[in-house]
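Spelled out from the first residue to the last, the chains are:
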Amino acid sequence: MSRARRTLSATVTLALACTTLTGCFDESSPHDAVRDFLVGWQSEDYDLAAGRTDGDRAAVRKALSDAKLELDAASFRFKIKSVSVEGDESRADFRAEIDLGENNPLWVYDSVLPLHLVDGEWRVRWSPSVLHPQLKEGQRFAVDTETTPRQPVVDRSGASLQRPQFLYVAGVIPSQLGDQAEEVVRRLSAITGFAQDRLLSRIRSSPPSQFVELATFGRTRYLAMKPKLDSITQITTQRREQPFAPDAPMEIVGKVSALTPETEQKLGGPQRAGDSVGQSGLQQAYQDHLTGSSRTRVITLDLKTGKEATLLQEWPGRENRSVKTTIDRAVQTAAESAVDRAEAGALVAVDRSTGEIRAVAAKGMHEEKDVLAGRYPAGTVFSIVASDALIKAGVKTTQRLPCPAERSVGGARFAEAGQAGQAGGPSPTFQENFAKGCVTALASLARRVDAPALARSAKAFGIGQPWQLPLKSFSGSLPNLGSDADKAKAISGQTVQVSPLSMALVAAAVASGTWRPPVLVSEPSTPDPTAEIVPDPPPQPVALDPKVRTALTAMMRAGAAGTPAQTGRGRVYGVAAPAGDEGSRQAWFVGWQGDIAIAVLARNYDPAAVAGDFFATLHAPS
């Protein structure tokens, strides 16, 4: 929709088929007349063009100038196909290519220049049909466009994720302006900032009895401008309802605004007044799908009646369509309610079997920049991924591991956050240390696994995988593991970065037995409706080792046992951990219940409590 006007060369290509040399170099040849007329028309040197016709010079100049205005044309280009001569008569066949501007198509048609000798000079026999074979006396060109309202972004059931919002469209009916068109657009341009010449061209190219949209305003801007708009008596303002105001998840859905002079310039314009512009989120990413493109008709009008005489060309435009997301209204509502209890936090929920995103909620954070694309220390929730490599390396979940307050591995120091470590008695098992996130115990396993194995497990759980969403997202990153200290830091999640979304997918992989890439939009398949290159396919699902999955399920059952995550009915699986070192104010809960896997990141609040509230609300009797 933001295609800039094409800038076309002012050179006419003469492709003349000559049968003999004498035919090409007669003393009196129509070629110069044909060339000068078309070059003059194309380059807007209308006096040159008119001088090569047998018509009234002023009338021809006006007709050529009016044709450009009536078509609101960005440019003309002509190619001569052939020139034939028969006595005192000649015929030049040519092709016209007219850029209709305003993001409309290129209009191409074939026509003929009739010529004859006048006092020994070749001249174009002037009539309106010189401009187009079907243009007759008493007629003019016009361009009739029809746009359809912006389509909504919808949830997985097809319900709109926007609320209605009123826009105010200022416009005119050309036939009611008389000779005041230039004065009206001068005053409107001064008020709105839209280019005066563009407003005037829009009026002159439209059918005279059709309401021509010139400028669109949101409510606040309209109320500020209303007194000045009302002072232009020829301007009519229509109030229109459009689904613009976003519902939750608001920052994922995105904001929409009416076209302004600033966005017109930014988009490469010119755009049509009345256009809506996605400013963020899916509204911006799928702008061209949601708005489509205008149906455009080039017609002739009867100058006496103003009615359509002939349809010269029609383009149906690109149909606009809604964008269907995987958001589930009930899951989103439960996520919003749960996150609202924290000082600041985020929750993302995915379907365990498909990777489809069911909810994105945030408080004091941004749903796209922080929840989908944020980069946070994984902390010991990364031990879910590390355990895959450790169990495959032969570490038993029943193996006992001391959990001291401090430990050094390969020269790197590790400490329990706010804990004194193991108080006495038998050492806890690997599973127990996993469940409570004992950093010192987990770090001690670094020597039991090699770096390639950790990297393979991270990749299997999607960390660093090149999956893409239509919005910014982050799949996670694992550093180079060149030493035992590096491996220990990775196992304890100190050097691993993840997003809430990437960790929700990790939980979904354990819950379902297969890691899958995320899906936010199910229809259409790509944000660009005109894309010629097929997007790269998403990463393939990766099945977990069944024995490892069984062990991880038991470990995550233990991780959620006795925590606020179990507030509601039914069993919750998961693990909690600080998001960073011992001084971190943020903490994770990563887990699942039923078909929904989640990751919660909360600040100065128990993330397991957020998870418990979420699952309790989601599964509460209706």
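Numbers given to residues run from 1 along each chain, matching the order in which its sequence is written. Where local features are concerned, this predicted model is filtered to residues with pLDDT of at least 70; where side-chain atom pairs are given and counted, the filter is 80 or more; whole-chain, interface and lining totals use all residues. With hydrogens and water stripped out, all remaining heavy atoms of the structure feed into the side-chain values.

K.L.:
Could you give me a rundown of the pattern of salt bridges, with the residues and numbers involved?
P.N.:
Salt bridges are counted wherever a side-chain nitrogen of Lys or Arg sits within 4 Å of a carboxyl oxygen of Asp or Glu. All chains considered together, the criterion is met by 33 salt bridges. With a shortest N-O distance of 3.5 Å, aspartate 351 and arginine 358 are connected by a salt bridge. Each residue is placed in one exposure class: buried if its accessible area under a 1.4 Å probe, protein chains only, is under 20% of its type's maximum, exposed if it is over 50%, and partly exposed if it falls in between. Classification of aspartate 351 as buried rests on a relative accessible area of 13%. Within the structure, one salt-bridge network assembled from shared partners comprises Asp32, Arg35, Asp36 and Arg52.

K.L.:
If you had to explain the sheet that holds strand 13 (residues 295–302) to someone new, which residues and values would you point to?
P.N.:
When DSSP finds two or more bridges between two strands, those strands count as paired. Secondary structure elements are taken from DSSP: a helix is a run of H or I of four residues or more, a strand is a run of E of two residues or more, and numbering for both begins at the N terminus. Overall, antiparallel pairing links the 3 strands, which are arranged 6-13-14 in an open sheet. Strands with a single pairing partner mark the edges of an open sheet, and in this sheet they are strand 6 (139–146) and strand 14 (308–315). Strand-to-strand twist in this sheet, taken as the mean axis angle between neighbours without regard to direction, amounts to 25 degrees. Relative to strand 6, helix 4 (residues 57–71) is tilted by about 15 degrees, and along the sheet it contacts strand 6 and strand 13. Between the N-to-C directions of two axes lies an angle of 0 to 180 degrees, each axis being a line fitted to C-alpha atoms and, for a helix, fitted only over the stretch in contact. A contact between two residues is defined here by any heavy atoms of the two lying within 4.5 Å.

K.L.:
Requested: an account of helix 20 (residues 546–560), with residues and values cited.
P.N.:
In this analysis, the expected span of each helix is defined as 1.5 Å times one less than the number of residues it contains. When the terminal C-alpha atoms of helix 20 are compared, their 21 Å separation across 15 residues agrees well with the 21 Å that a helix rising 1.5 Å per residue should span. Buried within helix 20 are the following residues: Val548, Ala551, Leu552, Thr553, Met555, Met556, Gly559 and Ala560. Where helix 20 is buried, its residues touch helix 14 (383–392), helix 15 (430–436), helix 19 (500–512), strand 25 (573–578) and strand 26 (586–593). By the N-cap criterion, in which a side-chain oxygen at the helix start approaches the backbone nitrogen of a residue two or three places on, helix 20 is capped by aspartate 545, the distance to lysine 547 being 2.8 Å. Looking one or two places after helix 20, you find glycine 562, whose phi comes out positive at around 75 degrees. Here a polar contact is recorded for every N or O atom pair within 3.5 Å, except that within protein the pair must consist of a potential hydrogen donor and a potential acceptor, and residues adjacent in sequence are included only if both atoms are side-chain atoms.

K.L.:
How would you explain the nonpolar core if you had to name every residue and give the values?
P.N.:
Working definition of a nonpolar core: buried Ala, Val, Leu, Ile, Met, Phe, Trp, Tyr and Cys residues. They are joined through side-chain atoms within 4.5 Å. Residues Ile357, Phe430, Leu501, Leu520 and Trp588 are the most contacted members of the largest nonpolar core, which totals 89 residues. If you tally residues by element for this core, the top one is helix 19, at 10 residues. When sequence neighbours within four positions are dropped, the list of residues in contact with isoleucine 357 reads Thr326, Ile327, Val348, Ala349, Val350, Leu372, Leu469, Leu501, Pro518, Val519 and Leu520. Residues Ile80, Val83, Leu131 and Val298 belong to the second largest nonpolar core, which totals 36 residues.

K.L.:
Which residues make up the side chain of asparagine 320, and what values do they have?
P.N.:
In this structure, asparagine 320 sits in the loop between strand 14 and strand 15 (323–325). Relative accessible area serves as the criterion here: at 8%, asparagine 320 is assigned to the buried category. Of note is the side chain of asparagine 320, whose polar atom sits 2.8 Å from the backbone oxygen of proline 149. Among the polar contacts made by the side chain of asparagine 320, one reaches the main-chain carbonyl oxygen of leucine 290 at a distance of 3.3 Å.

K.L.:
Give a detailed account of the packing of aromatic side chains, specifying residues and quantitative values.
P.N.:
Aromatic rings from Phe, Tyr and Trp, taking only the six-membered ring of Trp, are treated as a pair when their centres fall within 6.5 Å; an angle between ring planes under 30 degrees marks them as stacked, one over 60 as edge-to-face, and anything in between as tilted. In total, this model carries 11 aromatic pairs according to the counting rule given. Centre to centre, the rings of tryptophan 41 and phenylalanine 78 are 4.5 Å apart; their planes meet at 35 degrees, and the pair counts as tilted. A residue pair is termed long-range when its members are at least 10 positions apart, and tryptophan 41 in helix 2 (residues 31–43) and phenylalanine 78 in strand 2 (residues 75–86) qualify at 37 residues. Here the two residues tryptophan 41 and phenylalanine 78 agree in accessibility, since each one is buried.

K.L.:
A description of the sheet that holds strand 10 (residues 236–246) should follow, citing residues and the corresponding values.
P.N.:
Taken in spatial order, the 3 strands make up an open sheet running 9-8-10, and their pairing is antiparallel. Each end of this open sheet is capped by a strand with a single partner; those strands are strand 9 (212–217) and strand 10. When the angles between neighbouring strand axes are averaged without regard to direction, this sheet yields 35 degrees. Here strand 8 (residues 162–172) runs beside strand 10; their pairing, made up of 10 bridges, is antiparallel.

K.L.:
Any chance you could break down the side chain of aspartate 388 for me, citing the residues and the numbers?
P.N.:
With respect to the helices, strands and loops of the structure, aspartate 388 is situated in helix 14. Relative accessible area serves as the criterion here: at 2%, aspartate 388 is assigned to the buried category. Sequence-distant contacts of aspartate 388, that is, excluding residues within four places in its chain, are made with Ser457, Phe461 and Val548.

K.L.:
Describe the pairing of strand 19 (residues 406–409), naming the residues involved and giving the relevant values.
P.N.:
Within a regular strand, the side chains alternate between the two sheet faces. In the sheet, strand 19 pairs with strand 20 (residues 412–415) via 4 bridges, with the strands oriented antiparallel. Along strand 20, the bridge assignment pairs arginine 407 with phenylalanine 414. The antiparallel pairing of strand 19 with strand 20 creates a hairpin that spans 2 residues between the two strands, and glycine 410 there sits at a positive phi of about 60 degrees.

Function cannot be inferred from these measures alone, as they are strictly geometric.
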